[in-house]
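Residue strings, one per chain:
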Amino acid sequence: MNTLNSITTDGKAMNVLFMPGIFNEAMQLLTDAHEYFSQFGEDDQQRLEGPLRSIYSCEMSRITLRLSSIMTWIMAQRAIFTGKIMVEEAARHYGLDFQEACLVDNRVLHGVLPAYVCYLLDRSLELYERVCRLDGQVKSVH
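Just so it is clear, the model here is predicted, and its values are computed rather than measured. (Residues numbered from 1 in each chain as written. Predicted model: local features only at pLDDT ≥ 70, side-chain atom pairs only at ≥ 80, totals over all residues. Heavy atoms only, no water.)

## Topic: the side chain of Asn-106
Part 1 of the reasoning: Residue position: Asn-106 is located in the loop between helix H4 (99–102) and helix H5 (115–141).
Part 2 of the reasoning: In this structure Asn-106 comes out as buried when scored by relative accessible area, which is 5%.
Part 3 of the reasoning: For Asn-106, the contacting residues outside a window of four places in its chain are Glu-59, Arg-62, Arg-66 and Leu-121. (Helix = DSSP H or I, 4+ residues; strand = E, 2+ residues; numbered from the N terminus. Buried < 20%, exposed > 50% of the residue type's maximum accessible area, 1.4 Å probe, protein only. Contact = heavy atoms within 4.5 Å.)

In structure tokens:
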């Protein structure tokens, strides 16, 4: 595991792990989601009946929300590390948002929605949960 130590405002090194691999994983998941939704999303959604079509749209949005929140958080952590923004500014404006919506476990949708959507839901939830734990570590230092 790659580890970077960032510096607190008082100059002391934090014991928080910043894993560059999370950025790569998030980018790969963004690419996978984009490819699926652009190539198969509309057809898969059209095959669903009434209410399931709405659920599909909502879950597509949940995946997007998770990934955009994760990427925002990662970019803020990198900006802190490079000294472009202060920790307080990142906490105020670039926190890991929408936890109530993003931490919903969607396993009940397995077998209901297309398998690849469920796969993306599972992967994005798992990544969001890991970033939440990292966010908790960052906040505990400050």
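Now, onward.
## Description of the packing of helix H1 (residues 20–47) against helix H2 (residues 50–81)
Part 1 of the reasoning: Here H1 crosses H2 at 160°, and the two axes come no closer than 10 Å. In terms of axis orientation, H1 runs roughly antiparallel to H2. Of the two elements, H1 crosses H2, and the hand of that crossing is left-handed.
Part 2 of the reasoning: In terms of residue class, the contact of H1 with H2 is made up of 18 nonpolar, four polar and three charged. (Axes fitted to C-alpha atoms, helices over the stretch in contact; angles between N-to-C directions. Parallel < 35°, antiparallel > 145°, perpendicular 65-115°, else oblique. Left-handed = near helix turned anticlockwise from the far one by under 90°. Nonpolar A, V, L, I, M, F, W, Y, C, P; charged D, E, K, R; others polar.)

## Digging into the packing of aromatic side chains
Part 1 of the reasoning: Taken as a whole and judged by the stated rule, the model has five aromatic pairs.
Part 2 of the reasoning: Ring geometry for Phe-37 against Tyr-56: centres 6.4 Å apart, planes inclined by 85°, an arrangement best described as edge-to-face. Of this pair, Phe-37 sits in helix H1 while Tyr-56 sits in helix H2, and the two are 19 residues apart along the sequence. In this pair, the class of Phe-37 matches that of Tyr-56, namely buried. (Phe/Tyr/Trp six-rings, centres within 6.5 Å; stacked < 30°, edge-to-face > 60°.)

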